[in-house]
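# Examination of the molecular architecture
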Amino acid sequence: MKTYIVGNWKMNFTVGDASVYLHKLLKRIKPARNLQVAIAPSTIALQPLSLQIDRKKLKLAAQNCCGKDYGAYTGETAISQLRGMVDYCIVGHSERRYVFNETDQQIREKVAACVRNNITPILCIGETESERTFGETRDVLRDQLSSGLKDVSREDLEKCIIAYEPVWAISSVKGARPATPDDIANSIKIIREFLREMYGKTIEEKMPVLFGGSVNPSNAGAYLTIPGVNGLLIGGASLIADQFDDIIETAKKVAS
Ligand code: PEP
């Protein structure tokens, strides 16, 4: 299976700055077999960057989308409008769930809209600090998975990616701390067990599961070698070319 490195730029960079940064990344990144690198700039930058990007080196991801394909939804961007520009779309990021109060229903619709439009959803799941403290991690992960994937047909499940992002490990969250490899291994086991139980061994083995939360060049190698982890979703460190590049180099070694 491929290793995925996905940089989530969140609401950073003007379109001009995003283009300059992409130019820098394209000069550094060499295509590598078994490694897929993607960046998720703001929606406004997707169209110009899609003309600039070299897809052999990097792919584009949207950070969010609307679950409907068209209609009276002021301020929204349909994933159908991003066809041809992006290969991936992050769905259900914890900032969408907890800052913008996105519901399970909306997340499910977005996942289905991505699949319908041939764009790979990266479905983010993860427990909060208090859910972890109350021993609810397993239930939360299983609920978010079953709800998020509910409207995806069996054959389309192979077009989905899961990102496990414990909310308490995301660098921008107050009091965040990096997860230990044991924490991550435990949750990955829960996720893989769920996939096997619900959809069978083939889906369990084929579905990429990424990890995200305070990833940096010093912990990327350890995280990437946790069994069942197929890549990383990176926030803060993806905004710094040296760090993002270092992580990609580490991933290349692990993937080869
Ligand atoms: C994220 O918000 O998806 C994320 C993983 O951020 P960071 O790497 O900064 O913790």
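Refer to the structure presented above.
Since the model is a prediction, treat every value here as computed from it, not as a measurement.

For the largest pocket, the calculated volume is near 510 Å³. Thr43, Gln63, Asn64, Arg96 and Phe100 are, among the 17 residues lining the largest pocket, the residues nearest its centre. For the lining of the largest pocket, the element with the highest residue contribution is helix H3 (residues 94-99), accounting for 3 residues. For the lining of the largest pocket, the residue count by class is 5 nonpolar, 8 polar and 4 charged.

This part covers the packing of helix H6 (residues 137-148) against helix H7 (residues 181-199). Here H6 crosses H7 at 45 degrees, and the two axes come no closer than 10 Å. One way to sum up the angle between H6 and H7 is to call them oblique. Relative to H7, the crossing made by H6 is right-handed. On H7, the residues that touch Thr137, Arg138, Leu141, Arg142, Leu145 and Ser146 of H6 are Ser187, Ile190, Ile191, Phe194 and Glu197.

In this section: H7. Given 3.6 residues to a turn, an α-helix orients residues that are three or four positions apart in the same direction. Along its 19 residues, H7 runs 26 Å from first to last C-alpha, staying within 8% of the 27 Å computed at 1.5 Å per residue. Among all positions of H7, only Ile184, Ser187, Ile188, Ile190, Ile191, Arg192, Phe194, Leu195 and Tyr199 are buried. Buried residues along H7 sit against strand E5 (120-125), H6, strand E6 (161-164), helix H8 (201-206), strand E7 (209-212) and helix H9 (220-224). Count one or two residues on from H7 and you reach Gly200, which has phi positive near 100 degrees.

As a matter of local geometry, the ligand sits amid 13 residues, with Lys10, His93, Ser171, Ser214 and Gly236 nearest to it. Within the backbone of Gly235, an N or O atom sits 2.8 Å from an oxygen atom of the ligand. Summarising the interface, the protein chains cover 98% of the accessible area of the ligand, which totals 290 Å² for the free molecule. Residues that form the shell around the ligand fall into these classes: 4 nonpolar, 7 polar and 2 charged.

In this section: empty space enclosed by the protein. A complete count under the given rule lists 1 cavity of 30 Å³ or more for this structure. The space that makes up the largest cavity amounts to roughly 40 Å³. Along its surface, the largest cavity is lined by Gly92, His93, Ser94, Arg97, Cys124, Ile125, Gly126, Gln144, Glu165 and Val167. For the lining of the largest cavity, the secondary structure elements donating two or more residues are H3 and E5. Residues belonging to the lining of the largest cavity are distributed by class as follows: 3 nonpolar, 5 polar and 2 charged.

All right, on to the sheet that holds E5 then. Strand order in the closed barrel formed by 8 strands is E1-E2-E3-E4-E5-E6-E7-E8, and the pairing between neighbours is parallel. Sheet twist, expressed as the average angle between the axes of neighbouring strands with direction ignored, equals 25 degrees. Where strand E1 (residues 3-8) meets strand E8 (residues 231-234), 4 bridges bridge the pair, whose relative direction is parallel. Paired with Ile5 across the two strands is Leu232, which belongs to E8.

About the thresholds
- Starting afresh in each chain, residues are numbered from 1 along the sequence in its written order.
- Whole-chain, interface and lining totals are the exception, using all residues; otherwise, since this is a predicted model, local features are given only for residues with pLDDT of at least 70 and side-chain atom pairs are given and counted only at 80 or more.
- As a convention, hydrogens and water are excluded, and side-chain values are obtained from all of the structure's heavy atoms.
- Any residue with an atom within 4 Å of a point lines the site, the site being either a cavity, points on a 1 Å grid over the protein atoms alone where a 1.4 Å probe fits but cannot get out, or a pocket, an open set with protein on both sides within 12 Å along at least 5 of 7 lines.
- Grid points are joined across faces, edges and corners, and a volume is the space filled by probe spheres set on the points.
- A run of H or I in DSSP counts as a helix once it spans at least four residues, and a run of E counts as a strand once it spans at least two, with each numbered from the N terminus.
- Each residue is assigned to one of three groups, with Ala, Val, Leu, Ile, Met, Phe, Trp, Tyr, Cys and Pro labelled nonpolar, Asp, Glu, Lys and Arg labelled charged, and all others, Gly among them, labelled polar.
- Every axis in this analysis is a line fitted to C-alpha atoms, fitted for helices over the stretch in contact. Angles between the N-to-C directions lie between 0 and 180 degrees.
- For this classification, under 35 degrees means roughly parallel, over 145 means roughly antiparallel, 65 to 115 means roughly perpendicular, and everything else is oblique.
- Left-handed describes a crossing whose near helix is turned anticlockwise from the far helix through less than a right angle; right-handed describes the clockwise counterpart.
- Here a residue-residue contact requires only that any non-hydrogen atoms of the pair lie within 4.5 Å.
- What a helix should span is 1.5 Å times the count of its residues minus one.
- Burial classes: relative accessible area under 20% of the type maximum marks a residue as buried, over 50% as exposed, and values in between as partly exposed (1.4 Å probe, protein chains only).
- Neighbouring residues are identified by heavy atoms, a residue being near a molecule or strand if any of them is within 4 Å of it.
- We call two N or O atoms a polar contact when they sit within 3.5 Å, provided that within protein one can donate a hydrogen and the other can accept it, with sequence-adjacent residues counted only if both atoms are side-chain atoms.
- Residue exposure ignores everything except the shown protein chains as possible cover, and the areas themselves are Shrake-Rupley values with a 1.4 Å probe.
- At least two bridges found by DSSP between two strands is the condition for calling them paired.

Keep in mind these values describe shape, not function.
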